[in-house]
Amino acid sequence: IEIKTTKFRGIKAEHFDQLIAYLALAHLYGVDDLSGKPRIKNIGFYLSRYGNYLEFDLEDILDSPGFREFLKWFGPYLKKYGAT
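Residues numbered from 1 in each chain as written. Predicted model: local features only at pLDDT ≥ 70, side-chain atom pairs only at ≥ 80, totals over all residues. Heavy atoms only, no water.

Digging into the environment of Gly44
Put simply, the rule is: Under the DSSP-based scheme used, a helix requires at least four consecutive residues in state H or I and a strand at least two consecutive residues in state E, with every element numbered from the N terminus. Working rule for contacts: check all heavy atoms of both residues, and any pair within 4.5 Å makes them a contact.
Counting through the fold element by element, Gly44 comes out in strand β2 (residues 42-47). Gly44 sits 11 residues away from Glu55 along the chain, and the two C-alpha atoms are 4.1 Å apart. For Gly44, the residues in contact, after removing those within four places along its chain, are Ile1, Glu2, Leu19, Tyr53, Leu54 and Glu55.

Set out below in structure tokens:
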């Protein structure tokens, strides 16, 4: 869940992209102090100024060839720039 405090009631594309990047990092490297890699099934935004919560099912994204291709690109991209 990403908490956003903004004057806008909706989610911008870059906010969604940010959560997809977090999802990719969890798939590539896991989450600190957890054994194994968790299976994330949903992502969501809480718009704190308005008290709204939006949730998205990730089944179609996680199983898509596009996401797998993104992971193949993202891991080496991060290593190229020294991300750990």
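From this point, things continue past the structure.
Section: the environment of Gln18
Mapped onto the fold, Gln18 is located in helix α1 (residues 13-29). Each C-alpha atom of the pair Gln18 and Glu2 lies 9.1 Å from the other, and the pair is 16 residues apart in sequence. In this structure, Gln18 is in contact with Glu2 and Lys4, ignoring residues within four places of it in sequence.

Some remarks on α1
As a reminder, the rule being used: Working rule for helices: expected span equals 1.5 Å times residues minus one.
The end-to-end C-alpha separation of α1 is 24 Å, in line with the 24 Å expected for 17 residues at 1.5 Å each. Among the structural elements, β1 (2-4), β2, α2 (59-62) and α3 (65-80) are those in contact with the buried residues of α1. Of the residues one or two after α1, Gly30 is the one with positive phi, at around 80 degrees.

Description of a negative patch on the surface
Our working definition: A patch consists of residues whose relative accessible area exceeds 30% and which take part in no salt bridge; residues with like charges are grouped when within 9 Å of each other, and nonpolar side chains (Val, Leu, Ile, Met, Phe, Trp, Tyr) when within 5 Å. A 1.4 Å probe and the Shrake-Rupley method give the accessible areas. Residues count as covered only by the protein chains that appear here. For this analysis, a salt bridge means a side-chain nitrogen from Lys or Arg found within 4 Å of a carboxyl oxygen belonging to Asp or Glu. Counted as positive: Lys and Arg. Counted as negative: Asp and Glu. His and the chain ends are not counted at all. Working definition for charges: the position is that of NZ of Lys, CZ of Arg, CG of Asp or CD of Glu.
A surface patch of negative charge is lined by Glu55, Asp57, Glu59 and Asp60. Breaking the negative patch down by element, the ones donating at least two residues are β3 (52-57) and α2. Here Asp60 shows up in helix α2.

Things to note about a nonpolar patch on the surface
This is how the line gets drawn: Residue burial is assigned from relative accessible area. The probe radius is 1.4 Å, only protein chains are included, and a residue is buried under 20% of its type maximum, exposed over 50%, and partly exposed in between.
Residues Ile1, Ile3, Tyr46 and Tyr53 make up a contiguous nonpolar surface patch of about 430 Å² in total accessible area. With respect to the helices, strands and loops of the structure, Tyr53 is situated in strand β3. By relative accessible area, Tyr53 is classed as partly exposed at 38%.

A closer look at the side chain of His15
In this structure, His15 sits in helix α1. The class for His15 is buried, based on a relative accessible area of 15%. Contacts of His15, omitting those with residues within four sequence positions, involve Lys4 and Phe45.

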